[in-house]
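One-letter residues, chain by chain:
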Amino acid sequence: MGVFATSATARRRHRTQKLAFVVLLGVTVLLILPVLAILGMLVYRGAPALSLEFLFSEPVRGMTAGGIWPAIVGTMWLVGVSLAISAPIGVLAAVYLNEYAGDTWYTRVIHLAIVNLAGVPSIVHALFGVGAFVLFFEFGTSILSASLTLAIMTLPVIIASTKESLSAVPMSFREACWNVGATRWQTIRHVVLPNSIAGILTGVILQVSRAAGETAPIIFTGAAVFVPFLPSSVNDQTMALSMHLFTLSTQVQNVPQEITYGTALVLVGLVVLINGVSIVIRSRIRRRRKW
Amino acid sequence: MSREEVEGAGANPGAELGTGLGPRLGRSPARQRLHRAKELLIETVIRVCGVSAVIFVFGIFYFVFREAAPLLFGGLDLGELLTSGEWYPDSDNPRYGAFALIAGTLAVTLLAMLIAVPLGLGAAIFVSEFSRGRTREILKIVIELLAAIPSVVWGFIGLVIMNPLIIDLFDTPVGLNVLNGAILLALMSVPIIVSIGEDALKAVPDTYREAAEAMGATRWQVTWRVLLPAARNGLLAAVLLGVGRAVGETMAVLMATGHSVNVPDSPLDSVRTITATIASELGETAQGSDHYRVLFVLGSLLFLITFLVNLTADLVIRGFKRR
Amino acid sequence: MVVQHPKIAFRDLKVRYGEKTALEGINLEVAKNEILGIIGPAGSGKTSLLRVLNRTLQNTPGAKVTGDVRIDGEDIHRMRDVSGLRRRIGMVAPLPVGLPMSVYDNVAFAPRMAGVTDKKVLDGVVERCLRQAALWEEVEKRLGDLGTKLSGGQQQRLTIARALSHSPEILCLDEFSIAIDPVTTMRIEEVLKELRKHMTIFLVTNLVQQARRLADRTAFLLLGELVEVGPTEEVFGRNPRDRRTFDYVHGIFG
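Residues numbered from 1 in each chain as written. Chains lettered and ligands numbered in written order. Predicted model: local features only at pLDDT ≥ 70, side-chain atom pairs only at ≥ 80, totals over all residues. Heavy atoms only, no water.

Caption draft 1: Quick peek at the pairing of strand β7 (residues 170-174) of chain C. All names here are of chain C. In terms of residue burial, β7 counts as a mostly covered element, since 5 of its 5 residues are buried. The alternating pattern of β7 places Ile170, Cys172 and Asp174 on one face and Leu171 and Leu173 on the opposite face, and all of these are buried. Examined bridge by bridge, strand β6 (residues 89-92) and β7 share 4 bridges and lie parallel to one another. When the sheet's bridge partners are listed, Ile89 is paired in β7 with Ile170. What joins β7 to strand β8 (residues 200-204) is helix α7 (residues 182-195), and the crossover it makes is right-handed. (Buried < 20%, exposed > 50% of the residue type's maximum accessible area, 1.4 Å probe, protein only. Helix = DSSP H or I, 4+ residues; strand = E, 2+ residues; numbered from the N terminus. Pairing = 2+ DSSP bridges. Right-handed = clockwise from strand over helix to strand, strands pointing away.)

See the structure below:
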């Protein structure tokens with residue numbers, strides 16, 4: 001492929017280039033098409049079921065009729081409690097890694113642990129939740145057990161996102177603060193964290209979307225197929241959207257199609273909406289950077 | 001030490017405008033001590049949170065292993081578990097041979113990777129090298145959406161969309177099989193492969209691209225001859241993380257692979273993976289029974305497999321970051 | 001020259017970054033209310049020397065400091081209150097850094113971190129420091145604007161104002177006039193002449209005239225070695241004690 005290529009080889013090269021472009025474009029489209037097709041299908045078949053009544057009423061007749069309100073409320077409980085646990089731990093863990101930890105074997109072990117926490121299969125998290133929270137700590141099958149399991153599972157999401165935005169704050173800001181006698185924590189509290197809000201928010205939002213969609217970790221730790229009342233404390237069992245979709249599509253006979261599709265649409269809609277918000281926030285705040 | 005510590009100095013330091021310095025302002029010694037104690041407390045909390053991930057990973061292993069141990073050291077034939085295909089946990093004379101489950105997991109993962117690796121790496125190359133600006137942003141957002149769809153929804157799609165589709169296309173009686181699960185797993189693993197793969201390509205210095213293009217190479221030649229070899233390790237790590245994701249995926253394969261314990265001969269056979277077995281049987285077992293414990297043994301096995309896959313991927317990534 | 005009761009004393013100071021030695025065998029004493037000029041080519045360890053003094057160097061991974069540094073006879077590495085030490089020293093880095101907060105908050109930052117909450121006191125500090133840094137007239141009407149949105153020269157003076165806000169005993173100016181126009185530089189120099197009545201000043205500069213105008217003594221650092229320190233006129237004159245000083249000052253290398 002020298003500079004003095006003949007025109008024949010140049011043409012051939014041009015053809016390969018074109019072919020490569022078309023193939024790669026095709027591959028990418030092949031990925032995007034299913035997403036669009038699936039979303040379209042869900043909307044097409046699920047939309048007829050959507051109504052205020054569907055959203056805000058309880059399932060009846062062995063879940064073959066009625067709505068999904070208890071599942072929505074349950075998902076909110078699970079997400080809220082798990083967020084309350086994982087957000088502070090995750091943000092502070094990221095602060096430790098980015099602001100305090102040096103480049104030592106010890107830090108590498110922590111990084112490895114985070115990678116593994118993210119990589120452990122969800123069903124193993126479920127077994128852990130059963131062994132640790134349900135049985136050992138005797139929280140029983142409850143919102144608390146399920147949320148703790150979800151919180152630990154989604155911790156890496158918050159850590160990664162927070163850490164990335166902390167490291168985007170210029171080192172010179174920290175030095176300027178130290179120079180005037182601000183302590184490490186004061187510097188973090190008053191300069192580093194306020195300027196990393198975008199990344200922290202993104203992490204929190206992704207955590208919410210992740211926790212809302214998970215099913216395996218909550219099946220045995222706190223979610224139930226059907227609970228006739230709304231949860232009133234973290235010690236109750238609860239229904240959840242993801243679990244409800246699983247139940248409707250595999251455990252219950254004769255569920256009208258639109259109820260299952262409607263549930264799936266609500267779950268996907270929720271997750272997509274949350275992700276959309278995170279994308280908007282990210283680009284907004286990036287544009288409004290203070291430096 | 002000759003420093004004045006004046007709290008809320010009465011005299012306005014502004015009175016000495018121009019040349020002088022005001023008094024050094026600060027807390028009284030008692031309040032300073034309190035302040036220091038508060039900071040020490042916060043920093044201790046930060047340090048504890050810092051190691052939390054390590055504690056949790058150990059915790060996961062400990063609590064899963066703890067439930068598995070009595071059986072593991074009390075009569076379980078590990079050889080049988082790994083090689084026998086006889087999985088009859090409910091019978092009067094229970095047999096715990098998980099070979100079919102392992103084979104099912106391997107079959108689905110392998111086929112999923114056959115689909116996901118070319119698609120994922122292709123898309124990574126396209127996003128990183130052949131698109132720019134708005135197109136690139138939109139592509140990344142769509143791939144992010146792909147990653148956001150919950151696995152139970154994928155399972156649902158496997159049941160209601162893929163199943164009839166496969167029955168029609170391949171003229172088989174059941175569409176819940178290896179192929180169905182593999183396609184879902186492929187779509188679920190692709191986002192990881194794309195994002196890690198794109199990172200790996202981005203890590204190749206632009207000077208490589210410029211040098212090759214200056215010699216008259218086309219974009220594709222640059223990619224094929226320069227970027228791919230240079231990003232080899234990162235792309236390998238991307239594939240490994242995709243494998244890790246596929247091995248551990250639960251809900252989608254539970255719903256879409258047909259739920260039959262079976263060593264598959266063809267992609268159209270139904271199977272049941274390790275994860276699906278745990279998910280479907282744990283609820284039916286009595287806590288503390290052998291059946292219950294053997295599921296935790298399988299969980300420990302999964303933990304070890306994904307731990308090794310992730311460790312390898314991390315070491316490989318470290319390799320490409322260092323260069 | 002032996003300084004009686006030195007304000008600051010470095011003994012056998014050595015600084016290393018990993019394998020690389022940045023400063024070695026530094027012995028230097030500075031008198032109270034003295035202005036010490038420091039000259040030398042880039043990478044000679046001028047900035048490292050200042051960062052040893054306020055102990056921010058210890059936050060740089062891989063940096064290792066040995067030797068003895070005292071302020072008023074007290075070993076700074078034995079001080080338990082690092083923030084207290086840093087509040088005794090004002091530091092102005094060569095590159096201007098406006099913190100991402102309002103101009104007012106930039107200057108009020110140090111007193112606030114030290115526990116001052118009284119608005120009137122803070123107002124006083126902000127005005128005094130901005131005036132001393134020759135910035136007051138320009139920002140008086142927009143104290144609420146972001147510090148990062150000021151021009152380079154304004155940010156540099158903001159940095160100076162911030163360094164004065166905690167009423168330091170020692171002021172370290174690391175090439176402070178790089179981003180500032182000559183007129184403003186002169187105004188700040190006038191302020192420095194007044195400030196020296198209250199503090200000891202380190203002035204890292206490569207402007208020969210600036211060192212001549214301000215510094216009592218001048219130190220010449222070269223590749224981590226303190227080549228010579230003496231009265232400014234002697235160092236910049238025809239007969240400095242070391243040949244290398246003459247070569248540097250008269251532009252033969254560096």
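Once you've had a look at it, read on.
Caption draft 2: Spatial organisation of the domain arrangement of chain B. Domain annotation of chain B identifies domain 1 (13-52) and domain 2 (81-322). Distance between the C-alpha centres of domain 1 of chain B and domain 2 of chain B: 52 Å. (Domains from an automatic or database assignment.)

Caption draft 3: Structural view of the domain arrangement of chain C. Residues and elements named next belong to chain C. The domain architecture assigned to chain C consists of domain 1 (1-88 + 170-177 + 200-254) and domain 2 (95-167). One C-alpha centre belongs to domain 1, the other to domain 2; they are set 27 Å apart. Taking both sides of the interface into account, the surface hidden between domain 1 and domain 2 amounts to around 500 Å²; carbon and sulfur atoms contribute 63%. When residues of domain 1 are sorted by the area they lose upon contact with domain 2, Arg87, Leu171 and Phe176 head the list and together hold 82% of the total. (Buried area = accessible area lost by both parts, 1.4 Å probe.)

Caption draft 4: Geometry of the nonpolar core. Grouped together as the largest cluster of nonpolar side chains are 196 residues, with contacts concentrated most on Leu42 and Ile123 of chain A, Val153, Trp154 and Leu298 of chain B together with Phe109 of chain C. Broken down by element, the residue count for this core peaks at 15 residues, all from helix α3 (residues 99-130) of chain B. When neighbours within four sequence positions are excluded, Leu298 of chain B is seen to be in contact with Leu81, Trp87, Ala98, Leu101, Ile274 and Ile278 of chain B. (Core = buried A, V, L, I, M, F, W, Y, C linked by side-chain atoms within 4.5 Å. Contact = heavy atoms within 4.5 Å.)

Caption draft 5: A look at empty space enclosed by the protein. Going through the model one piece at a time under the given rule, you end up with 4 cavities of 30 Å³ or more. Its volume calculated, the largest cavity comes out at about 50 Å³. Taken together, Pro23, Arg24 and Leu25 of chain B together with Arg87, Ala110, Pro111, Ala114, Ser165, His166 and Ser167 of chain C make up the full set of residues lining the largest cavity. Its residues placed into classes, the lining of the largest cavity shows 5 nonpolar, 3 polar and 2 charged. (1 Å grid on protein atoms, 1.4 Å probe; cavity = no way out; pocket = protein on both sides within 12 Å on 5 of 7 lines; lining within 4 Å. Points joined across faces, edges and corners; volume = space filled by probe spheres on them. Nonpolar A, V, L, I, M, F, W, Y, C, P; charged D, E, K, R; others polar.)

Caption draft 6: Region of interest: the packing of aromatic side chains. Scanning the entire structure with this criterion turns up 21 aromatic pairs over all chains. Pairing Phe128 of chain A with Phe63 of chain B gives two aromatic rings, centres 6.1 Å apart and planes at 50°, and the pair type is tilted. Pair noted here: Phe128 of chain A is in helix α5 (residues 122-136) and Phe63 of chain B is in helix α1 (residues 29-72), and the two residues belong to different chains. Overall, Phe128 of chain A belongs to the buried group, its relative accessible area being 4%. Ring geometry for Tyr261 of chain A against Phe156 of chain B: centres 5.1 Å apart, planes inclined by 75°, an arrangement best described as edge-to-face. In this pair, Tyr261 of chain A sits in helix α12 (residues 257-287) while Phe156 of chain B sits in helix α5 (residues 151-170), so the two residues belong to two different chains. Its relative accessible area of 2% is what places Tyr261 of chain A among the buried residues. (Phe/Tyr/Trp six-rings, centres within 6.5 Å; stacked < 30°, edge-to-face > 60°.)

Caption draft 7: Looking closely at the interface of chain A and chain B. Tallying the contact residues gives 78 residues for chain A and 78 residues for chain B. Carbon and sulfur atoms supply 80% of the area buried between chain A and chain B, which totals about 7,100 Å² over both sides. At the boundary of chain A with chain B, the tally comes to 0 salt bridges. Where chain A packs against chain B, one counts 8 residue pairs in polar contact (both at pLDDT 80 or more). The dominant element in the side of chain A that touches chain B, judged by the number of residues it contributes, is helix α1 (residues 7-46) of chain A, at 17 residues. The class makeup of the residues in the side of chain A that touches chain B is 55 nonpolar, 19 polar and 4 charged. (Salt bridge = Lys/Arg side-chain N within 4 Å of Asp/Glu carboxyl O. Polar contact = N/O pair within 3.5 Å; in protein donor to acceptor, adjacent residues only side chain to side chain.)

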